[in-house]
Amino acid sequence: MEKFLLKLEVSRKQAYIFSSKRLRDNAARSAEIDFVTGHLTRLQQRDFFKEAAGDLYDRAENLVYTGGGHAVLQFDDEEQATAFARRVTKAAMERFHGMELFVKRFRYDENILGDERPPAFLRKTGAANLRALSRQLAEKKALRRNAVGQISFGVEKLNRHTFQPEPLENEWAESLEESVKEPDGCAYPSRIEHLCGEDNFMAVVHIDGNGMGTRVNEIYNQESETDWDGLRKELDDFSKTVDAAFKSAFRRTAEQVAAYLAKNPETLNHTPKASLSNDPPPADALPIRPVILAGDDVCFVTMGNIGLECARLFLENLINPENGKGYYACAGVALVHRKYPFHKAYKLADELCSNAKKLVAEIREKEQKLGVSAMDWHIEFGQLRGDLDEIRRAYDTEDRDKQGKPRRMELRPVVLLAGDEDEKDASKRVDIDSGVCGEITGGVRTYDYFKALCQAMWGEYGQTARGKIKDLRTAFKQGEVESRYFLRSREVSHLLDQAFPAKYRTKAEQWNQFKDISDNGEKVFSGKTASFRGEAFKDVNRVSRCLFFDAVEMIDHFTALETREEAET
């Protein structure tokens, strides 16, 4: 039987979502994209394709799968596919101003070969057709010959914040919240000001799943020539499972934040300006809010001082989901002032997430079956620089190492957790301080080390002058020699000792290291990694990096969220 495939995708999603300066509008626009690409609203069970196309569409017959801002559909004839595309794109343009849709129609070819050119009896026709459809849509988007948008007629009511026509429907912010219901007694904040602490900082967190393309290819490679229906079901199940797992991870993270705040209300210290405004934060405001929840593509915002910890909780919840199937992912966290342009903060978080993925790729190049979750972050103090590469060049020291290369002040990105991807029990972890992870991270490019050092630094307040600790940043920038002389000051020399309990946190681990003493009396960490010898810099995977800078930089912008389970271990 002849079959036509149709792929519909929302283009320039970030530009659409972040075209408003209001947090609630951003969440609403993310939900609109989900709705337009075939997701059912949870409570109302509304189906955009059915509303727009009427009798041209039947969900069970026509939908192949939906997820990640696009949908794939199938039709028995070309006329029905074309009419469906016209009705859906017209309805989307009329109802959602500024949304840009691309659609590509493709005739299903029973004889098409996969990229690997297998023998005829092993043809992966379904997978090859879907790959060809995706390539043709990408080519169409690149040319942008048919990119059109609905302009204003000049008679609509304009939004006073965006100066765009008001949408016909206003329930979409609630639609996103339906799928990740806030914890009992709490409410998601609707304004950025309600997410800012006393330091006026907020955190924009971007999460992206690792190896999702590989998982899809594995599904493609399992499909036989005649099993199109089987492939369709596999893709639909995979899309739904990923979406449910990432939403579940966020829901559990929000619950953990709420539980922590119930016992530590002093953490929720809003900026005085926000508290005294005409629209102060409500008493039940939760300092975290979802913005994008589209499969493995997630963005949420939090109060600045808990941004890193919320990202950490999310990644841990993702590897231990309710359904037992874990996913590894990377996180990028941009800590910015509340007046910083939100779309720039999201772009920075996206770049940071991509940078964390590079570290994961470096590890997986040596051990392919190793699943790794990593994180990168940046705190923006107001300097509007270019991309992340330009930002990180400012972290070069002024001196050079033995190879003539600048030393690095930051340890980021860092590994959070790792495990065997083939292991059915997702709770079983790999020791990230040993093996391939330990070789590349040196045991210090880990989130555990950073967090322990932050907490140790906090313990120095009251013993070491606050200004002295912050002046370390200047010494680190100058390089190894200047840092050595600065740290010999009696006021700060004991900070070197903090690297030891940060790296080895149990008494047993510490005792094992104390037993290994070098001939000249210096404490040396055993193992294949380089040794700590009372210096601020350490060679980590052939790069000289500062052990303390990340913790010093974040000392006023980090609060550890210890959940009940962590406190008991």
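As a starting point, this report considers the structure included with it. Please read these numbers as outputs of a predicted model, since none were measured by experiment.

In this section: the packing of aromatic side chains. Under the counting rule described, the total for this entry stands at 22 aromatic pairs. Arranged with centres 5.5 Å apart and planes meeting at 75 degrees, the rings of F49 and Y57 form a pair that is edge-to-face. Every member of this aromatic cluster is reached through a ring pair, and the members are F35, F48, F49, Y57, F75, F84 and F96. Sitting over the ring of Y108, K3 keeps its end group 4.4 Å from the ring centre. Above the ring of Y16, the side-chain terminus of R29 is found at 4.7 Å from the ring centroid.

Tallied over the full model, the rule gives 1 cavity of 30 Å³ or more. Empty space within the largest cavity amounts to approximately 40 Å³. In terms of lining residues, the largest cavity is bounded by W377, L411, V414, V444, T446, Y449, F450, L453, L547, D550 and A551. Elements with a contribution of two residues or more to the lining of the largest cavity: α15 (447-458) and α20 (549-553). Ranked by residue count, the leading element in the lining of the largest cavity is α15, at 3 residues. Counted by class, the lining of the largest cavity contains 9 nonpolar, 1 polar and 1 charged residues.

With respect to topology, 6 strands assemble into an open sheet ordered β6-β7-β5-β8-β9-β12, the strand pairing being mixed. One side of each edge strand has no neighbouring strand; the edge strands of this open sheet are β6 (288-294) and β12 (414-420). Averaged over all neighbouring strand pairs, the angle between strand axes comes to 15 degrees, with direction disregarded. Packing of helix α2 (residues 23-36) onto the sheet brings it into contact with β6 and β7 (297-303), and relative to β6 it is tilted by some 25 degrees.

What counts and what doesn't
- Residues numbered from 1 in each chain as written.
- Predicted model: local features only at pLDDT ≥ 70, side-chain atom pairs only at ≥ 80, totals over all residues.
- Heavy atoms only, no water.
- Phe/Tyr/Trp six-rings, centres within 6.5 Å; stacked < 30°, edge-to-face > 60°.
- Lys NZ or Arg CZ within 6 Å of the ring centre and 35° of its normal.
- 1 Å grid on protein atoms, 1.4 Å probe; cavity = no way out; pocket = protein on both sides within 12 Å on 5 of 7 lines; lining within 4 Å.
- Points joined across faces, edges and corners; volume = space filled by probe spheres on them.
- Helix = DSSP H or I, 4+ residues; strand = E, 2+ residues; numbered from the N terminus.
- Nonpolar A, V, L, I, M, F, W, Y, C, P; charged D, E, K, R; others polar.
- Pairing = 2+ DSSP bridges.
- Axes fitted to C-alpha atoms, helices over the stretch in contact; angles between N-to-C directions.
- Contact = heavy atoms within 4.5 Å.

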